[in-house]
Amino acid sequence: RSCQQGPDSGDGSPGSAAAETPSSEDFSLSLLDTNLPAEAETELRSFIAKRLTKGALFEGMGNVASVGLSIPEYKVGCYYCRFQQENLLEMTTPESDVSAPEYVACFLGGSEKEDTFRLELDKYIQSLKINLALEQKTLETCVKPYLRSWFENAICPIQRVVQLFQEKLAFLLHAALSYTPVEVKNADERTEKDISRFLAAASLQGLVQEGTMTSLCIVMTEEQHKSMIVDCSGPQPQLHNAGSNRFCEDWMHAFVNGAEGGNPFLFRQILENFKLKAIQDINNLKRFIRQAEMNHYALFKCYMFLKNCGSGDVLLKIVKVEHAEMPEARNVVTVLEEFMRE
């Protein structure tokens, strides 16, 4: 069984090689595609072979490690993922002697910061699995260009969205935080995908309770007038039904100020910090609400916190959904809503 490995150099390009099952002691790696120099490719092949021998590569789960290569003579970050060809996977049966080919794809960057994009790269490999076929024609026309565009397609969308929206990014952050549906009109395919990926990366999915997220999505989708429209027909996107708050505007400045360096990893780190701060604020508010169930002074603290945190409108929606089944907490939230409206 073969296993493909796609190395790529520090400027953001790819490559590939193959191996038998990690459980077998005797296997070989065969190169399918690479843009690394021969010496560096041999070193990378050796690194992957060691991982395979140890059984350290699990199907469909990407890993990030530091790899020492003679070119460019320093350690680089390597994302690597083992997978099987999708269409042949269904055709193989336990009785048949034919086993589905296995591959390892590797993407190299300047540091281990690829770890911050692990989920995006895992999704990128999933698409590769679906499209991969062993015919040379498909390899040349589909697989190789796909491998070579990994950096542009998986790492750069956040950076491109920041550069496109500039100060209007605050509205996009607010939509992501409040689960407001976003409709993109008159945009090319790449821009539409970039905006969708940015919203997914900026949302609190996986960080707040699943039930809360589902309920918020239902609430925001039912409020059709709240859907935000992004019209990309002009050089600058035009936004309709857009909302924002001081919290999102402050973070927008962090993104815009970081745009001068043009480092996609910096933008991702800012985005993670943005979500971390939002989660901290939600947890603080929930703690104050628990205290406010028995203490009027704590209720006032709740109100002051909502007033000063910059994202009181969004936080109140989130805790309202989370506390819908708790009578005492729901009463506190109702009082806070009245005060915030006044």
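Residues numbered from 1 in each chain as written. Predicted model: local features only at pLDDT ≥ 70, side-chain atom pairs only at ≥ 80, totals over all residues. Heavy atoms only, no water.

**As for the layout of surface pockets**
Moving on, step 1. Looking at the largest pocket, its volume works out to about 560 Å³.
Moving on, step 2. Forming the boundary of the largest pocket are 20 residues, of which Leu119, Glu120, Lys123, Ala200 and Ala201 lie nearest the centre.
Moving on, step 3. Among the secondary structure elements, those contributing two or more residues to the lining of the largest pocket are helix 3 (118-131), helix 5 (150-155), helix 6 (157-165), helix 8 (189-202) and helix 11 (264-292).
Moving on, step 4. The element that contributes the greatest number of residues to the lining of the largest pocket is helix 3, accounting for five residues.
Moving on, step 5. Residues of the lining of the largest pocket, tallied by class, amount to ten nonpolar, four polar and six charged. (1 Å grid on protein atoms, 1.4 Å probe; cavity = no way out; pocket = protein on both sides within 12 Å on 5 of 7 lines; lining within 4 Å. Points joined across faces, edges and corners; volume = space filled by probe spheres on them. Helix = DSSP H or I, 4+ residues; strand = E, 2+ residues; numbered from the N terminus. Nonpolar A, V, L, I, M, F, W, Y, C, P; charged D, E, K, R; others polar.)

**Structural notes on the packing of aromatic side chains**
Moving on, step 1. Counted according to the given criterion, the structure contains 16 aromatic pairs.
Moving on, step 2. Relative to Tyr303, the ring of Phe300 has its centre 6.5 Å away and its plane inclined at 45 degrees; by these criteria the two rings are tilted. Within this pair, Phe300 and its partner Tyr303 are both found in helix 12 (residues 296-308), separated by three residues, close to a single helical turn.
Moving on, step 3. The class of Phe300 is partly exposed, set by a relative accessible area of 46%.
Moving on, step 4. A relative accessible area of 18% places Tyr303 in the buried class.
Moving on, step 5. An aromatic cluster of three or more residues is present, and its members are Tyr79, Phe107, Phe117, Tyr124, Tyr146, Trp150, Phe151 and Phe265.
Moving on, step 6. For Arg268, the ring lying beneath its charged end belongs to Phe117, and the centroid distance is 5.3 Å. (Phe/Tyr/Trp six-rings, centres within 6.5 Å; stacked < 30°, edge-to-face > 60°. Buried < 20%, exposed > 50% of the residue type's maximum accessible area, 1.4 Å probe, protein only. Lys NZ or Arg CZ within 6 Å of the ring centre and 35° of its normal.)

**A look at the sheet that holds strand 6 (residues 182-185)**
Moving on, step 1. The mixed open sheet is built from three strands, whose spatial order is 6-7-8. Each edge of the open sheet carries a strand with a single partner, namely strand 6 and strand 8 (238-240). Here the average twist between neighbouring strands, direction ignored, is 20 degrees.
Moving on, step 2. Bridge analysis of strand 6 against strand 7 (residues 228-231) gives four bridges, and the strand direction is parallel. Paired with Glu183 across the two strands is Ile229, which belongs to strand 7. (Pairing = 2+ DSSP bridges. Axes fitted to C-alpha atoms, helices over the stretch in contact; angles between N-to-C directions.)

**A word on the confidence of the model for the chain**
Moving on, step 1. Here the chain averages 81 in pLDDT, and 78% of its residues register 70 or above.
Moving on, step 2. Here residues 1-12 is modelled with pLDDT under 50, and outside its nearest four sequence neighbours on either side it reaches 84 contacts, counting other chains as well.
Moving on, step 3. Overall, residues 17-24 carries pLDDT values under 50, and its contacts beyond four positions in sequence, including any with other chains, amount to 40 contacts. (pLDDT = per-residue confidence, 0-100. Contact = heavy atoms within 4.5 Å.)

**Points about helix 8**
Moving on, step 1. For helix 8, which comprises 14 residues, the first-to-last C-alpha distance of 20 Å matches the rise-based estimate of 20 Å (1.5 Å per residue) to within 8%.
Moving on, step 2. When helix 8 is considered as a whole, its buried residues turn out to be Thr191, Asp194, Ile195, Phe198, Leu199, Ala201 and Ala202. Within helix 8, the buried residues cover an arc of 165 degrees as seen down the axis, which keeps them to one side.
Moving on, step 3. Taken together, the buried residues of helix 8 touch helix 6, helix 7 (169-178), strand 6, strand 7 and helix 11.
Moving on, step 4. The N-cap of helix 8, judged by a side-chain oxygen 3.1 Å from the amide nitrogen of Arg190 a few residues on, is Asp188. (Expected span 1.5 Å × (residues − 1). Arc of directions from axis to C-beta. Polar contact = N/O pair within 3.5 Å; in protein donor to acceptor, adjacent residues only side chain to side chain.)

**Considerations on the environment of Asn331**
Moving on, step 1. Following the sequence through the fold, Asn331 ends up in helix 14 (residues 327-341).
Moving on, step 2. Taking C-alpha positions, Asn331 is 10.0 Å from Ala292, a pair spaced 39 residues apart along the chain.

**So, the packing of helix 11 against helix 13 (residues 312-322)**
Moving on, step 1. One can describe the packing of helix 11 onto helix 13 by two numbers: an axis separation of 10 Å at closest approach and a directional angle of 55 degrees. One way to sum up the angle between helix 11 and helix 13 is to call them oblique. Handedness of the helix 11/helix 13 crossing: right-handed. Judged by residue contacts, Ala278, Asp281, Ile282, Leu285, Lys286 and Ile289 of helix 11 engage Leu315, Ile318, Val319 and Glu322 from helix 13. (Parallel < 35°, antiparallel > 145°, perpendicular 65-115°, else oblique. Left-handed = near helix turned anticlockwise from the far one by under 90°.)

**Looking at the environment of Arg51**
Moving on, step 1. Along the chain, Arg51 falls in helix 1 (residues 38-53).
Moving on, step 2. A relative accessible area of 25% places Arg51 in the partly exposed class.
Moving on, step 3. With residues near it in sequence (within four places) discarded, Arg51 still touches Ala56, Leu57, Ala65 and Tyr80.
Moving on, step 4. Among the polar contacts listed, one links the side chain of Arg51 to the side chain of Tyr80, at a separation of 2.5 Å.

**Some points on the pattern of salt bridges**
Moving on, step 1. Scanning all chains against the criterion turns up 13 salt bridges.
Moving on, step 2. When the shortest N-O distance is used, the salt bridge between Glu41 and Arg45 registers 3.0 Å. One end of the pair, Glu41, and the other, Arg45, are both in helix 1, four residues apart, so they sit about a helical turn from each other.
Moving on, step 3. In this structure Glu41 comes out as buried when scored by relative accessible area, which is 8%.
Moving on, step 4. On the basis of relative accessibility, which here comes to 23%, the residue Arg45 falls in the partly exposed class.
Moving on, step 5. Members of the salt-bridge network, linked through shared partners, are Glu120, Arg268, Glu272 and Lys275. (Salt bridge = Lys/Arg side-chain N within 4 Å of Asp/Glu carboxyl O.)

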